[in-house]
Amino acid sequence: MTNNAENNTPELASLPSELLCQLFTYVPNRKLITEIPLVCHRFNNILNDDKFWSRRIRTEHLVRQPECEVSHPDYQPKRSFHSMQTARSRFRDWETQTIHVALGHSATVDSVLLFKTEQQDNKQFCLSGSRDRTIRLWDLENVRNGVEDTWTVAKDETAHLGWIWNMARDETTGNFYTTSWDSTVKSWRITDDGALQNLSSVNVGSAAQCISATGSPNELVCTTFAKRVAVIDDRSSEIVAEHKLHKRAVIALAVEGNRIYTSSEDRIMMMVDRRQMGRALLFEYSPSCYKSCLSLQRDQLLTSTSDGKVKLYDAKNFNVLQTYTVGSYTRQVQLDHGAHLVMARSARTRYKFSIFSPGTRSRQWGASHELAAEPAKFDYLPSTKTLAIGNGDSSILFCFPPSENAENLAENPGNLAEIPAGNPAENPQN
């Protein structure tokens, strides 16, 4: 890039903004975020303008984002564009992944939980819970390298007295929580030497189903088979609030702050406020199906239905933003920053994992082949592009990005998007 001799400005900087915006679409995304803004003030201003990234979201990804998302305080068009770009690249071809089948459990793996730990140099792990009453800790670096003897780095074979149904992790403390058909919610930590230590146990009166640690600080939200939604104080291990507004088992849960969203086999989906648990603030009854899973992000509520559909709601008022059909039964959905992740059964009774574009006009971006084993639960870690699927044959399917793209795909979109829009360089050009 040549400079104007008089003012030391890149000659490209004198081009019209419209032409620069068009040229920037040919530059690799990472360079646009981390390098090009440092060239001069004008490039920095263009690339930190939300309109530039919003336009690219509409024209390149053909995504129409709902008003509830774009008006959310955490919404960043630059991060959303990057997340969509990497999600499409990650799942463009299912066969190019590095896939390992992990054995260790002896019954259906109903829960998998992926995470990274700051205490151990950002190492990647997976926690799994099974109907064999066991929890296992998997070292994903060892799994990817194929060293089978070191895949499981810790386990507790008597973690619960019943099937282990769900898991959640507190990102602040690093503790994790398990629910079981033995009616207990247990708190755990990973010790400095890598062992699993049980910290506490709370009896919730009947089979514990879902668990979330994303609500108010030091509180957990749990649902049960006996229609109960309970708030547990993690410090005292006591139930401090509850409601029984549902008429059957509460099978799906999503929590953000004081808002608690639940769905039940009674075909009712509702939202209550943690500070006023006695009545539902939002309520929807579906006469023909129930919601099997809820996923909440930036005021969007993504739901899977028992009749094979995916429905996206405005979480503030339950207005339906879009509905699309994915099979005969939708087992699970996950609302990622750049995509809708879906596990659904086709008409031929086989399951597929699919990725759809976000927003209000979703299109399929990629899909797996028909899975050999019936899946129970999946989890996806966007920062490492790792997918884990727990299966009914007691195995776990670990899917890693293609080896040749691992370095690029391991970028954390959150870190890239949160680069401040300040001065472009210590000694910037004009």
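Because the structure is a prediction, the values reported are computed rather than measured. (Residues numbered from 1 in each chain as written. Predicted model: local features only at pLDDT ≥ 70, side-chain atom pairs only at ≥ 80, totals over all residues. Heavy atoms only, no water.)

Right, let's get into the pairing of strand β27 (residues 386–391). Summarising burial for β27: six of the six residues are buried, a large majority. Every second residue of β27 is oriented toward a common face, with Thr386, Ala388 and Gly390 on one face and Leu387, Ile389 and Asn391 on the other, all of them buried. Where strand β26 (residues 375–381) lies against β27, six bridges are found, and the strand directions are antiparallel. Counted as the bridge partner of tyrosine 380 is leucine 387 from β27. Counting the residues in the hairpin turn of β26 and β27 gives four residues, including lysine 385, whose phi is positive at 60°. One ladder, built from four bridges, connects β27 with strand β28 (residues 396–400); its direction is antiparallel. Looking across to β28, one finds that glycine 390 is bridged to isoleucine 396. The turn joining β27 and β28, which pair antiparallel and follow one another in sequence, is formed by four residues; a positive phi near 80° is taken by serine 394. (Buried < 20%, exposed > 50% of the residue type's maximum accessible area, 1.4 Å probe, protein only. Helix = DSSP H or I, 4+ residues; strand = E, 2+ residues; numbered from the N terminus. Pairing = 2+ DSSP bridges.)

In this section: the nonpolar core. Within the largest apolar cluster, 37 residues are counted, with the highest numbers of intra-cluster contacts made by Phe24, Phe43, Phe353 and Leu387. Among the nonpolar cores identified, the runner-up in size contains 14 residues, and Ala102, Val109, Val112 and Leu140 belong to it. (Core = buried A, V, L, I, M, F, W, Y, C linked by side-chain atoms within 4.5 Å.)

Summed over the entire model, instances satisfying the criterion amount to 17 salt bridges. Here arginine 169 ties to glutamate 171 by a salt bridge, and the two come within 3.2 Å at their closest N and O atoms. Arginine 169 sits in the buried class, given a relative accessible area of 14%. A relative accessible area of 64% places glutamate 171 in the exposed class. One network of salt bridges, with partners in common, ties together Glu256, Arg259 and Asp299. (Salt bridge = Lys/Arg side-chain N within 4 Å of Asp/Glu carboxyl O.)

Time to look at a positive patch on the surface. Taken together, the side chains of Lys51, Arg55, Arg58, Arg64 and Arg361 make up a positively charged region of the molecular surface. Tracing the sequence through the fold places arginine 64 in the loop between α4 (50–60) and α5 (67–70). (Patch = residues over 30% accessible without salt bridge, like charges linked within 9 Å, V, L, I, M, F, W, Y side chains within 5 Å. Areas by Shrake-Rupley, 256 points an atom, 1.4 Å probe, with all protein chains shown as cover. Lys, Arg positive; Asp, Glu negative; His and termini not counted. Charge placed at Lys NZ, Arg CZ, Asp CG, Glu CD.)

Listing the buried residues of helix α1 (residues 17–24) in full gives Leu20, Cys21 and Phe24. Here the buried residues of α1 occupy an arc of 100° about the axis, which is enough to place them on one side. Looking at the buried side of α1, the elements it contacts are α2 (29–34), α3 (41–47) and α4. (Arc of directions from axis to C-beta. Contact = heavy atoms within 4.5 Å.)

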